[in-house]
Amino acid sequence: MLVASKLSLDVQTRQTDGGVAVIVPSGRLDVAGAPALKDAISQLAKNGPPKVVIDMEGISFVDSTGLGSVIAALKEIRSSQGELRLAAPNQQVRVVLELTTLDRVFPYYATVEEALTGF
Amino acid sequence: MGSDHEPFEFRATFAELDEGLDVLHRSVERLRLATGRSADDRPLMLFETALGEIGSNVLTHGRPPGTERPVEYDLRFESGIVVASLTDSGPPVHEHLAREMPHVDSEAGRGLAMARALVDELGYERVGEVNTWRLVKRL
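These numbers were taken from a predicted model, which means no experiment stands behind them. (Residues numbered from 1 in each chain as written. Chains lettered and ligands numbered in written order. Predicted model: local features only at pLDDT ≥ 70, side-chain atom pairs only at ≥ 80, totals over all residues.)

Trainee: Give me the interface of chain A and chain B: which residues, what numbers.
Mentor: The partner chain B presents 20 residues to the 21 residues of chain A that form the contact. Elements that contribute at least two residues to the side of chain A that touches chain B include exactly α2 (64-79) and α3 (91-99) of chain A. It is α2(A) that contributes the most residues to the side of chain A that touches chain B, six residues altogether. (Contact = placed C-beta atoms within 7 Å. Helix = DSSP H or I, 4+ residues; strand = E, 2+ residues; numbered from the N terminus.)

Trainee: Break down helix α1 (residues 34-46) of chain A for me, citing the residues and quoting the values.
Mentor: Residue and element names in this part refer to chain A. Look at α1: 19 Å from first C-alpha to last across 13 residues, which is about the 18 Å you get at 1.5 Å a residue. Residues A34, L37, A40, I41 and L44 constitute the buried set of α1. Angularly, the buried residues of α1 cover 130 degrees about the axis, an arc narrow enough to put them on a single face. Turned more than 90 degrees away from the buried face of α1 sit D39, S42 and K46, all of them exposed. Along its buried surface, α1 packs onto β1 (9-15), β2 (21-29), β3 (51-55) and α2. (Expected span 1.5 Å × (residues − 1). Buried ≥ 20, exposed ≤ 12 C-beta atoms within 10 Å, placed from the backbone. Arc of directions from axis to C-beta.)

Trainee: Please set out the sheet that holds strand β4 (residues 121-127) of chain B residue by residue, giving values where relevant.
Mentor: Residues and elements named next belong to chain B. The five strands are arranged β1-β2-β3-β5-β4 in an open sheet whose pairing can be described as antiparallel. Only two strands of the sheet have a single partner each, and these edge strands are β1 (8-14) and β4. Within this sheet the neighbouring strands show an average axis-to-axis angle of 10 degrees, counted without direction. Two elements, strand β3 (residues 81-88) and strand β5 (residues 130-138), share eight bridges in a ladder whose sense is antiparallel. Paired with A84 across the bridge in β5 is L135. Lying over the sheet, helix α2 (residues 42-60) contacts β2 (71-78), β3 and β5, oriented at roughly 175 degrees with respect to β5. (Pairing = 2+ DSSP bridges. Axes fitted to C-alpha atoms, helices over the stretch in contact; angles between N-to-C directions.)

In structure tokens:
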């Protein structure tokens with residue numbers, strides 16, 4: 001299968017020793033990039049109750065569709081009895097979370113290490 | 001070194017989603033450099049967020065299958081005020097304009113409410129078969 005030479009969002013996933021999946025998207029989490037994050041979450045949810053941290057440090061920009069993909073991820077993970085935490089959002093992501101009052105739904109952590117503590 | 005006092009103008013046409021979004025973000029980066037603003041300049045970041053919302057609406061809903069007319073984009077900055085306009089030939093969107101921010105569980109429907117909250121003026125006009133969006137913000 002051919003892959004587009006330039007994707008707006010690249011998504012890597014790693015597992016910690018404690019069994020937490022850390023998703024590391026890089027680029028713009030927008031209407032073009034959101035499907036890549038949704039796919040990564042769906043893969044994790046297939047393999048049992050997931051504990052997931054999304055490391056947002058590499059996300060340069062988020063729009064409402066990208067935000068929608070994070071809400072979809074939260075629903076999918078909770079329906080699998082899992083849990084989702086967000087870490088290291090930049091200023092633009094924080095502003096969008098606050099503007100939409102989604103910061104009440106997604107309490108975010110300053111770093112991945114903080115998000116992993118006690119998870 | 002850029003300056004807030006120098007007028008700035010950027011124009012482009014585009015048709016594809018990825019290409020269009022890239023152009024919009026690049027144009028804001030050029031404006032940032034032209035005006036000597038920092039990477040974390042808050043007013044410009046708020047404007048870029050609103051522009052991304054309207055831009056993605058225009059590039060998805062404003063370009064139904066078979067549309068030939070490209071999106072026309074114009075970005076101007078003068079006397080401390082940035083104005084962006086985007087035109088598309090999609091269906092009229094009057095019924096969506098007053099949409100409020102949806103419930104936190106909703107996965108969609110926030111774009112226009114966000115854009116309205118982030119700029120000083122969000123204008124929409126339908127002339128013939130063409131939609132024109134106008135975003136205005138003092139930086």
